[in-house]
Amino acid sequence: MPERPLALFAMSTKTLPSVYPPEVLDRLRTSVEVDPSLIAEDFRDPRVRSALGRAEILLTGWGCPLIDAGVLDAAPKLRAVLHAAGSVKGIMAPGWWKRGLVVSSAADANALPVAEYTLGMIILAGKDLFAARERYRSLRTFPLAEIIPDIGNFGRRVGIVGASRIGRRVIELLRPLDFEVFLADPYVGEAEAAALGVQLLPLDALLRRSDIVSIHAPATPETHHLIGRRELALMPDGAVVINTARGSLVDHDALTEEVRTARLSAVLDVTEPEPLPSDSPLFELPGVFITPHLAGSQGNEVRRLGLSVVGELERLLAGVPLAHQVDHTELERAA
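The protein chain carries the name Putative 2-hydroxyacid family dehydrogenase in an unreviewed UniProt entry, which gives Streptomyces bingchenggensis as its organism.

Below, the structure is given as structure tokens:
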């Protein structure tokens, strides 16, 4: 049997058992030699430093410290970083690609639960479920057999802001349903939008025409407060903003003003700051539904991230192209 390459975990000790439960860890260890009791939470640790000098593969995840030039200098045999989480922007120092490293991310695996959450919220928002729940809880009754006007998901207009992995997943999940879907993304052309089955619009036009706006753009200096006071004012009365991307994309002060008047409502899984201050009015406003950043992988979904890495590792060692290799040229405009 050929000698297995040495791998090193670099992630939080608390999350490793969820990402790599026993059956996933067993499959991983058929391909590499790895010690689950040695986890790099600090690359300065002498034991970690010793293993780093021999490691060919870093198995990273949430809690991984920065992989900077010093770390790479201490790992002369390193050839791949396989990340069991989303973006690698926070762990890979600039210039890593010049070292000839192969870097892979489980961002596609993490996109699925976010897209599923978003789909659920779009459907519930289209039925005006959050406001209806508040009315029912307050009145403790409702008129039987009454058809409620102005709600429902037949032909509901949904605007997707950003054709990211998650944005595309949401579009895919919406496709079999009776929604009219718009997309705003400066990097997508008409032909690609047609292939996705959506109508491409400038952001302002999308905001004016959409009943529900779901945000999936990356957090960059250019997208800070992408949805601000002016943009919110463009949305029609009764529209809903859904944000599962990053809190910084929405001006929370402006959103609070719009929701306080009951003109708009919002579903927020991410906020700025995070968590919100305990006295934030967003907690109390009936038109806001807030969840604690749980749209991404949670519970049994985290195992999918480990399986994604194991699949990439097997491809790497078989000498075939990786399914989720990171292109450094796209990182600047990625999440």
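Visitor: Sorry, what's going on with the overall build of the protein chain here?
Guide: The number of helices and strands found in the protein chain is 12 helices and 11 strands. Taken over the C-alpha atoms alone, the protein chain extends approximately 70 × 45 × 35 Å along its principal axes. Looking at the 335 residues of the protein chain, the share that counts as buried comes to 50%. Considering only contacts in the protein chain between residues 6 or more positions apart, those separated by 24 or more positions represent 66%. Of the roughly 16800 Å² of accessible surface on the protein chain, 54% is carried by carbon and sulfur atoms. Counting 35 positive and 43 negative side-chain charges, the protein chain places the averaged centre of each group 3 Å from the other.

Visitor: How should the sheet that holds strand β2 (residues 57–60) be read in this particular structure?
Guide: The strands making up a sheet associate through hydrogen bonds between their backbones, and the pairing can be parallel or antiparallel. The four strands lie next to each other as β1-β2-β3-β4, forming an open sheet whose pairing is parallel. At either end of the open sheet lies a strand with only one pairing partner, and these are β1 (7–10) and β4 (102–105). The sheet shows a mean angle of 15° between the axes of neighbouring strands, direction not considered. Examined bridge by bridge, β1 and β2 share four bridges and lie parallel to one another. When the sheet's bridge partners are listed, Phe9 is paired in β2 with Leu59.

Visitor: For this particular structure, what's the right way to read the sheet that holds strand β8 (residues 212–215)?
Guide: Spatial ordering of the open sheet is given by β7-β6-β5-β8-β9-β10-β11, a layout of seven strands whose pairing is parallel. The sheet is open, and its two edges are formed by β7 (199–200) and β11 (288–290), each paired on a single side. Here strand β6 (residues 179–184) runs beside β7; their pairing, made up of two bridges, is parallel. Each residue of the ladder has a partner; that of Phe182, found in β7, is Gln199. Its contacts with the sheet put helix α7 (residues 165–174) on β5 (156–161) and β6, and the angle it makes with β5 is roughly 160°.

Visitor: What am I meant to see in the side chain of Thr271 here?
Guide: With respect to the helices, strands and loops of the structure, Thr271 is situated in the loop between β10 (265–268) and β11. A polar contact of 2.8 Å, which involves the side chain of Thr271, links it to the backbone oxygen of Pro273. The residues contacting Thr271, other than those within four sequence positions of it, are Gly247, His252 and Leu276.

Visitor: Honestly, the environment of Leu66 in this entry has me stumped. Any pointers?
Guide: By the secondary structure assignment, Leu66 is in the loop between β2 and α4 (69–73). A relative accessible area of 43% places Leu66 in the partly exposed class. Setting aside its immediate chain neighbours within four residues, Leu66 contacts Phe43, Val71, Gly90, Ile91, Met92 and Ala93.

Cut-offs applied
Residues numbered from 1 in each chain as written. Predicted model: local features only at pLDDT ≥ 70, side-chain atom pairs only at ≥ 80, totals over all residues. Heavy atoms only, no water. Helix = DSSP H or I, 4+ residues; strand = E, 2+ residues; numbered from the N terminus. Buried < 20%, exposed > 50% of the residue type's maximum accessible area, 1.4 Å probe, protein only. Contact = heavy atoms within 4.5 Å. Areas by Shrake-Rupley, 256 points an atom, 1.4 Å probe, with all protein chains shown as cover. Lys, Arg positive; Asp, Glu negative; His and termini not counted. Charge placed at Lys NZ, Arg CZ, Asp CG, Glu CD. Pairing = 2+ DSSP bridges. Axes fitted to C-alpha atoms, helices over the stretch in contact; angles between N-to-C directions. Polar contact = N/O pair within 3.5 Å; in protein donor to acceptor, adjacent residues only side chain to side chain.

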